[in-house]
Amino acid sequence: MGSISINSIQLFSVYDAMGRKRTLAFINASMSSSYATNGDTLSLSSYFSSIRAVVCQSHAGGYALEASASGTTVTVVARYYDYDATADGTAVEVPAATDLSGVSFTLVVLGD
């Protein structure tokens, strides 16, 4: 899989409604130079023991981005709009090995 690069990260300690301490991260990142089918990944194990929520800037560089988390890894899927491809629908995943290194975006991550 392609690896997402962190350009900058800001970490904050916050408390949830139950008084539990959490970490909130604002991450400026870039996609990989060889996009992987089903998304590029970013390990945040240096910052979190688990990720509770992740929000991704939805559009960057002309692409629609979708983020999800599992354990301490964030996966970002990139899609583009292909209105001529009726069989594919309106948003098609970027082909594998596409260079998306010029696509920067922001992630907001909440975790422990």
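Cut-off values and rules
Residues numbered from 1 in each chain as written. Predicted model: local features only at pLDDT ≥ 70, side-chain atom pairs only at ≥ 80, totals over all residues. Heavy atoms only, no water. Helix = DSSP H or I, 4+ residues; strand = E, 2+ residues; numbered from the N terminus. Contact = heavy atoms within 4.5 Å. Core = buried A, V, L, I, M, F, W, Y, C linked by side-chain atoms within 4.5 Å. Buried < 20%, exposed > 50% of the residue type's maximum accessible area, 1.4 Å probe, protein only.

1. Here we look at the environment of Thr106
Next up, step 1: With respect to the helices, strands and loops of the structure, Thr106 is situated in strand β9 (residues 104–111).
Next up, step 2: Note: C-alpha distance between Thr106 and His59 (47 residues apart in sequence) is 9.9 Å.
Next up, step 3: Not counting residues up to four positions away in its chain, the partners in contact with Thr106 are Ile27, Asn28, Val55, Cys56 and Gln57.

2. A look at the nonpolar core
Next up, step 1: Residues Met31, Leu44, Val76, Phe105, Leu107 and Val109 are the most contacted members of the largest nonpolar core, which totals 24 residues.
Next up, step 2: Taken together, the elements giving at least two residues each to this core come down to β2 (21–30), β4 (51–56), β7 (73–81) and β9.
Next up, step 3: For this core, the leading source of residues is β7, giving 4 residues.
Next up, step 4: If sequence neighbours within four positions are ignored, Met31 has contacts with Ile4, Asp40, Val76, Ala78, Leu100, Ser101, Val103 and Phe105.

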